[in-house]
Amino acid sequence: MELLGLTIFILLECASYISAQSDLKTSPPAIVKQGVQRQPYRSEDSVELPCKAEGVPPPKYTWYRDDEVLEIGNDLRMTMITGEGTLIISKPEAKDQGFYQCNATNSFGTSLTIKTLLQLANLDRFPSRKPLETHTPEQGSSLKLSCVPPNSFPKARIFWSVVKSGQPFQPVREDARVSKDFDGNLWFGYVDKNDARDGAHYVCMVENPYLKTLVRGEDAVIRPSGTTISSSAVQVLWTSVTNALGLRGENLRLKCIFSGKPTPNVKWERRNGKMPTHRFEGANTELIIPNLQFEDTGYYECIGRNQETLTDGVRKSFSVTVQAKPFWIEEPQDVSAAEEENAVFRCKAGGDPSPFIHWFINGVRITDPNLPKNERRIQRGVHEIRFVNLTAADAQVIQCNASNAHGWVFADVYLNVMSEPPSFIISPKNDKISAGLASYNMTCRIRGAPKPLVWWVKDDTMISGGDKYIIHLMGTLEIMRVQSTDAGKYSCNARNKFGEESSSAELVVREPTRILMSPKSMTVTAGSQAKFICTATTDPDEMGNLKIDWKKDGDFIDYVAAQRVFKNRRDNAVTISGCIPLDTGRYTCVATNGLNTVEATANLLVLAKPEPPTDVSVTRCQGRSAEIKWSPGSDNNSPILGYTVDYNTTFAPSVWYKHDKVIEKSHTETTVQVSPGATFTFRVRARNVIGISEPSAHSKGRCITQPAAPDNNPDNVRTIDKSPTKLWIQWTPMPEIDHNANDFSYSIIYQRLDDGSAPRPPHKVTRFQNRLDYWLDLDVGVTYKPYKLLVQAVNSNGFGPPPTPVIGFSGEGEPNIAPTGFKLDESYAISATEARFTWDVVDPKAATINGWMTGYAIEYARIINGQTARRRRLKVPLAGRKPEDEYAKWKGSQASRGKRQISTMSAIVSNLPPYSHVTAYVRVTNKRYAGPPSNSITINTPEGTPGAIVNLVVVAVGSNHIDLKWDRPDEPNGIIVGYNVYFQEVIKTKDGRNTLGGKQPRLPQITLEPNTNPASYKSRLAGLQDRTKYRIYIHARTRIGEGIENFIEATTRMPEKPGRPDFRITDVGLTTMNVTWLPDQRRPGGGFFVKYRKEGRNYWEHTSVQSNQKWINITNLEPGVVYELQVVSYNGEKHQTGSGTKVAEMLGASAVTSSVASAGWFIGLLVALILLVAALVIVCYVKRKRAGQYPVHEKEVLRGSYSPAESSEPNTNKRFVEYSRGADPALNRSRGSMDSVTKPVESDSDSMDEYGETDPGKFNEDGSFIGQYGAKKHDDRGHEGTDPASPAAFSTIV
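Everything quoted here is computed from the prediction, not taken from an experiment. (Residues numbered from 1 in each chain as written. Predicted model: local features only at pLDDT ≥ 70, side-chain atom pairs only at ≥ 80, totals over all residues. Heavy atoms only, no water.)

### What to know about the overall build of the protein chain
From N to C terminus, the protein chain includes 5 helices and 100 strands. Burial statistics for the protein chain: of 1294 residues in total, 44% are counted as buried. Long-range contacts, defined as pairs at least 24 residues apart, comprise 68% of the intrachain contacts of the protein chain with a sequence gap of at least 6. Surface summary for the protein chain: the accessible area is close to 66800 Å², and the carbon and sulfur share equals 51%. (Helix = DSSP H or I, 4+ residues; strand = E, 2+ residues; numbered from the N terminus. Buried < 20%, exposed > 50% of the residue type's maximum accessible area, 1.4 Å probe, protein only. Contact = heavy atoms within 4.5 Å. Areas by Shrake-Rupley, 256 points an atom, 1.4 Å probe, with all protein chains shown as cover.)

### Looking at the nonpolar core
Counting residues in hydrophobic clusters, the biggest one holds 25 residues, and the most contacted among them are Phe-822, Phe-837, Trp-839, Tyr-856 and Ile-858. For this core, the elements supplying multiple residues, two or more each, are strand E76 (835-840), strand E77 (853-864), strand E80 (904-909), strand E81 (917-926) and strand E82 (937-940). Those residues in contact with Ile-858, other than ones at most four positions away along the chain, are Phe-822, Trp-839, Arg-872, Arg-873, Leu-874, Val-876, Ala-907, Val-909, Tyr-921 and Val-922. In this structure, Ala-337, Phe-345, Cys-400 and Val-417 belong to the second largest nonpolar core, which totals 21 residues. (Core = buried A, V, L, I, M, F, W, Y, C linked by side-chain atoms within 4.5 Å.)

### A look at a nonpolar patch on the surface
A contiguous nonpolar surface patch, about 350 Å² in accessible area, is contributed by Leu-1165, Leu-1169, Leu-1172 and Leu-1176. Mapped onto the fold, Leu-1165 is located in helix H3 (residues 1160-1188). (Patch = residues over 30% accessible without salt bridge, like charges linked within 9 Å, V, L, I, M, F, W, Y side chains within 5 Å. Salt bridge = Lys/Arg side-chain N within 4 Å of Asp/Glu carboxyl O.)

### Some thoughts on the packing of aromatic side chains
Under the defined criterion, the tally for this structure stands at 26 aromatic pairs. Relative to Tyr-856, the ring of Trp-839 lies with its centre 5.4 Å away and its plane at 65°, an arrangement referred to as edge-to-face. Taken as a pair, Trp-839 in strand E76 and Tyr-856 in strand E77 lie far apart in primary sequence, 17 residues in all. In this structure, Trp-839 and Tyr-856 share a single accessibility class: buried. Three or more aromatic residues joined by ring pairs form one cluster here, namely Tyr-647, Tyr-657, Phe-680 and Phe-682. Of note, Arg-248 hangs over the ring of Phe-327, and the distance from its end group to the ring centre comes to 4.1 Å. Positioned over the ring face of Tyr-1033 is Lys-999, at 4.1 Å from the centre of the ring. (Phe/Tyr/Trp six-rings, centres within 6.5 Å; stacked < 30°, edge-to-face > 60°. Lys NZ or Arg CZ within 6 Å of the ring centre and 35° of its normal.)

### Here's the deal with the sheet that holds strand E13 (residues 133-135)
In spatial order, the strands read E13-E21-E20-E16-E17; together these 5 strands make up an open sheet with mixed pairing. Edge positions in the open sheet fall to E13 and strand E17 (170-171), since each of these has one partner strand only. Judged from the 3 bridges that link them, E13 and strand E21 (residues 213-222) form a sheet pairing that is parallel. The partner of Thr-134 across the bridge, within E21, is Val-221. (Pairing = 2+ DSSP bridges.)

### Some words on the pairing of strand E11 (residues 116-120)
Counted residue by residue, E11 has 4 buried out of 5 residues, so it is predominantly covered. One ladder, built from 4 bridges, connects strand E2 (residues 38-41) with E11; its direction is parallel. Residue pairing across strands places Pro-40 opposite Gln-119, the latter belonging to E11. Direction of pairing for strand E9 (residues 98-106) relative to E11: antiparallel, over a ladder of 3 bridges. Considered in E11, the bridge of Phe-99 is made with Leu-117.

### Focus on the pattern of salt bridges
Two side chains bearing opposite charge may form a pair once their charged atoms approach each other closely. By the definition in use, this model includes 58 salt bridges. In this structure, Asp-1026 engages Arg-1027 in a salt bridge whose closest nitrogen and oxygen atoms are separated by 2.9 Å. What makes Asp-1026 partly exposed here is its relative accessible area of 29%. On the accessibility criterion, Arg-1027 (54% relative accessible area) is exposed. Several salt bridges share partner residues, and in doing so they unite Arg-65, Asp-75, Arg-77, Glu-93, Lys-95 and Asp-96 into one network.

### Side note on the environment of Leu-778
Inspection of the secondary structure puts Leu-778 in strand E71 (residues 774-779). On a C-alpha basis, the gap between Leu-778 and Ile-729 in space is 8.1 Å, while along the polypeptide they are 49 residues apart. Ignoring any residue separated from it by four or fewer positions in sequence, one finds Leu-778 in contact with Thr-725, Lys-726, Leu-727, Ile-729, Tyr-750 and His-763.

### As for the pairing of strand E85 (residues 978-988)
Within a regular beta strand, the side chains point alternately toward one face of the sheet and then the other, so they alternate between its two faces. Among the 11 residues of E85, 8 are classified as buried, and the element is accordingly described as predominantly covered. Pairing of E85 with strand E88 (residues 1006-1007), which is carried by 2 bridges, proceeds in the antiparallel orientation. When the sheet's bridge partners are listed, Gly-978 is paired in E88 with Thr-1007. Here 2 bridges tie E85 to strand E87 (residues 1000-1001), and the two strands are oriented antiparallel to one another. Residue pairing in the sheet places Tyr-982 in a bridge with Pro-1001 of E87. The pairing of E85 with strand E86 (residues 994-996) spans 3 bridges and is antiparallel. Following the sheet pairing, Ile-987 is matched in E86 by Thr-995.

### Things to note about unusual backbone geometry
For residues other than glycine, phi is negative in most cases, and the peptide bonds are mostly trans. The step from Lys-261 to Pro-262 runs through a cis peptide bond, and the omega angle for that step is 0°. Relative to the helices and strands, Pro-262 is located in the loop between strand E24 (252-261) and strand E25 (265-270). Following Asp-352, the chain continues to Pro-353 via a peptide bond in cis, the omega torsion being 0°. Structurally, Pro-353 can be placed in the loop between strand E32 (348-352) and strand E33 (356-361). Positive phi values are uncommon outside glycine, yet Arg-481 reaches one of about 50°. Its location among the elements puts Arg-481 in the loop between strand E46 (477-480) and strand E47 (488-496).

### Structural notes on the state of the cysteines
Per the stated rule, a full pass over the model turns up 7 disulfides. Residue pairing for Cys-51: its cysteine sulfur links by disulfide to Cys-102, the two sulfurs lying 2.1 Å apart. Here Cys-51 and Cys-102 share a disulfide; its torsion about the S-S bond, -65°, makes the bridge left-handed. Here Cys-51 is found in strand E4 (residues 51-56), whereas its partner Cys-102 is found in strand E9, with 51 residues between them in sequence. Accessibility expressed as a relative area gives 0% for Cys-51, which makes it buried. (Disulfide = S-S within 2.5 Å.)

### Notes on the sheet that holds strand E93 (residues 1073-1078)
Reading across from one edge, E92-E93-E96 is the order of the 3 strands in this open sheet, with antiparallel pairing throughout. Strands with a single pairing partner mark the edges of an open sheet, and in this sheet they are strand E92 (1062-1066) and strand E96 (1111-1114). Across the sheet, the axes of successive neighbouring strands diverge by a mean angle of 20°, strand direction being ignored. Where E92 meets E93, 5 bridges bridge the pair, whose relative direction is antiparallel. Each bridged residue has a counterpart across the sheet, and for Thr-1066 the counterpart in E93 is Asn-1074. (Axes fitted to C-alpha atoms, helices over the stretch in contact; angles between N-to-C directions.)

### Some thoughts on the environment of Gln-1000
Residue position: Gln-1000 is located in strand E87. We classify Gln-1000 as partly exposed; its relative accessible area is 42%. Separated by 32 residues in the primary sequence, Gln-1000 and Ile-1032 place their C-alpha atoms 9.7 Å from one another. The residues touching Gln-1000, leaving out its near neighbours within four places in the chain, are Val-981, Tyr-982 and Phe-983.

Okay, here's the thing in structure tokens:
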């Protein structure tokens, strides 16, 4: 960064200097556009000779041709472009050739262009054409076709062509045998019959590329003689100049043409030195050294060799000398100086031979006596002219020419003398930078003549320089090691004898940007993710400008093009997803606030499985082995550990097999074993710790092996049981790669072993279809007899090795024997699903088995309504009887047959259907069949646990209740006596997964009335939390226990105010009545309670909240009294809706109406009643006080539970006044009760099967106190102690 800043500063200084010169008030002329040293032209084209100069005042132009003034006005063909001196010659003629030079002159001097030779382009014709020249060389001899090209300017291009009549010419292609020398002659190292080109003519062609003109030389024909070509030694036919002179900076060309058969190989060497930078053409016959330098001087050799010249070959030496046109060592420069100053011009040139130096003043040679003398002009040797104590009259143009035998260089510069006060080219500018910079340049560019004195002031204090400050030539102030204290006001001041100037600017210095967390280098595997984190900070005032970006390998990342690279806008981290090896590199965090930039770099190394090997080839194929060679692919940053070779054959080209050989990482060739009679193609895969590469391309070349007899026989020869009288022989077919030759087949020989029969003639089986197994089906007419089997591979080259004999059996038949004594084992306790049976053992060696006895099969089934259901089978294998021992035990059975030992067999059946009538029997089994059944027995299994309930659905969901419906289990396995219900809250974790809360049982669980078994149930789970997801489990229950669970999930809704319910009053008696409510259809509510009071009273009494039914019996009412009633729909404490008020009058008289006031006995009776009332008041007070200590009440008070009487809908009846139980302790009593024996009247539209028990008098569950209070309790008047705000209530509807 510091080097870059210094470079920019130097460029700005130069630009400032150039700008200063361009703004000069006066200056001598200076050539800014001129021609070339040599310019061709065509007579039909206009010629342009450029000439343009700058100067103040503008210069005037004069042209010279051959050092004589060209009178442009006298020749209408010549004009100059307005505003410059460029000369245009229209319709140029031959007389216009010559050396042209342009002079530009103003009052301060004369500037000259270089001299341009204007020359007419031309291409002469060949001399008169000679008759066709015919060459008849012997085959194998050399030949030269001559060409003398005509004169051409510019230089012409020479080439040879082959021409046939009526066809376009074809250039002769040059090589080591046929080559053209520098003069244009065509050489043949040796001639062969193909050089005749069917009588075509060889023609030398010359082309002038400037004129785009082509001329044709003499025709030649080659007619080779002889029939054979003999080998010949190498000889030199032609070489370029052996003492070669080359010019510095130009190309040097050396060439050797050799003869010989075979065509010689050409090589170039440099004696005692290293070959310079070079290239070859013409099959190495031509050496080209571009940009020749003095150090390339020396000796070079071309060497030709062929089979006849194998030792040192034929050599030809070249001596190379390097000279040079003049070139500048120190070129004169324009000088602008003030009066009284000095000016120096230096002109120094190199070249070989050394150039001569000539000075000119305003175009006049400095030695010319006509040049005015100037005592203040001093010439020091030939290379320097000095002017001292300049005056305004010293303004002039100076020329320097350096020339030698090879050319010249020319310089045209001016001396300008100025006088002006100081002025600012560039004034200091307000700026904002970052502390920590190595240096900072406060730019100030000043001009003036004489050169002004420049000084700087910071905050009214002069800057004295030293290590902290540097004041540069043009006035710029450089501040070293920038700190926060360098902020302030800076003034640039300049003064000379003509005046003084000053300019100021403010410099603000901010704290630098710093990287707090640098990215960390990492190594990842391909396909994974890489993430680089980088954090930075900066000056608080620049935090809004802080930006962080990323580079990869020095270039900023294009996030649109790099689709797998993402930058996080929040933390500025960069993430590379699905990394591939190309993602490996340097990742640089670039943090900047616009004032300074800091970087931190980390490396990413992506490891991947290797790239496939390349260039796989078969280097040898012989016998039963092949050699494979390959080149490693890229290891993708993880070293290769080894290689594996795959192969396929023409039998299955799309199927590749892995060779077992493990190849070390250091090897790139291996030998693999191959089988006869096949064509193999190979591929290779590389392996590293990441994985195995993709396969390489198929090998170049294939390995074709010779046929041979089979090396092995088929595997898995066996017999299979298809039919009682069939011998089915089966085996696994051999893959085609093991056939080893054509005409492959299998030869099968079999022999019965139990009757002494001789082997049967072989059977031949050919490959008839592509199967996993082959077989031979033979009808032997006997059941379950042993046979020896031989299966052998055969092909056109012979038989495979002797096969291993295999013993097999003909097909089995059905057993003809049934077990006896089948019965239930009474000593084993029978369960709902398990029982043990016993029976008499059957001799496994009995001939009636008709096969290999595998054991027994107990078959059992449920009897339903007198019908036998589908039978199940339990297999009971015989211990110690393995199929592979079949033949050995068969042989043993022949000797021991008839020695049957009677014993008892038993087995436990563990999946009997519970609570069922079950029939069972047992059979004998062999490998294929089961025999006749034994005696059948019937047992009764006891009751078990039920299966899962079915068709569980959510009927409705409220804010704190869920209505469910299900059907009884398909497999009750006994008498269903009830259902157990559990529920869990489904909780969503922070990471989005679901977890379950504690499992809560419903207490008490659902118990059905005896002798009832309804097909379906509908129930409500109430008292739940709103907007909560629950998992609800339901188990059917028998007297044995609960069965398999079924569960469902549902989410309660957001709390809402329930709709207004309606109700009706039925069964009004002396002291009881029934209230049945009709919930709102859209918003029914989770529970209901009844408020009631005597007509005209101010307080209300209430029943408990009912969640499990839609009716209630109110008891302990007073006869003959009129009551007002309301039903309240309840969705929690904050969501209640009351119904309208209805009135009911109890049966009976309310009081004695006869007048007894005058009777004497009435007074005594009245006193007794008063005393009785007083006693009752005391008793009631005691009772209420005890009621306040009731555990449920105590808990409710401690919890602050809501009492439904404390809130209701506004009274729609003017006689109805709300009552709060806590408002008047004297009236704090309850007169309502539920669950009396009175059954409500039902309407057709209000079915109890939909939402409640069919008989309220038989309901025996409390859905309000789940898991907390247990069974319900009654006070002395039969009131049920149920809390209306209980946490859960489950209602069950049958």
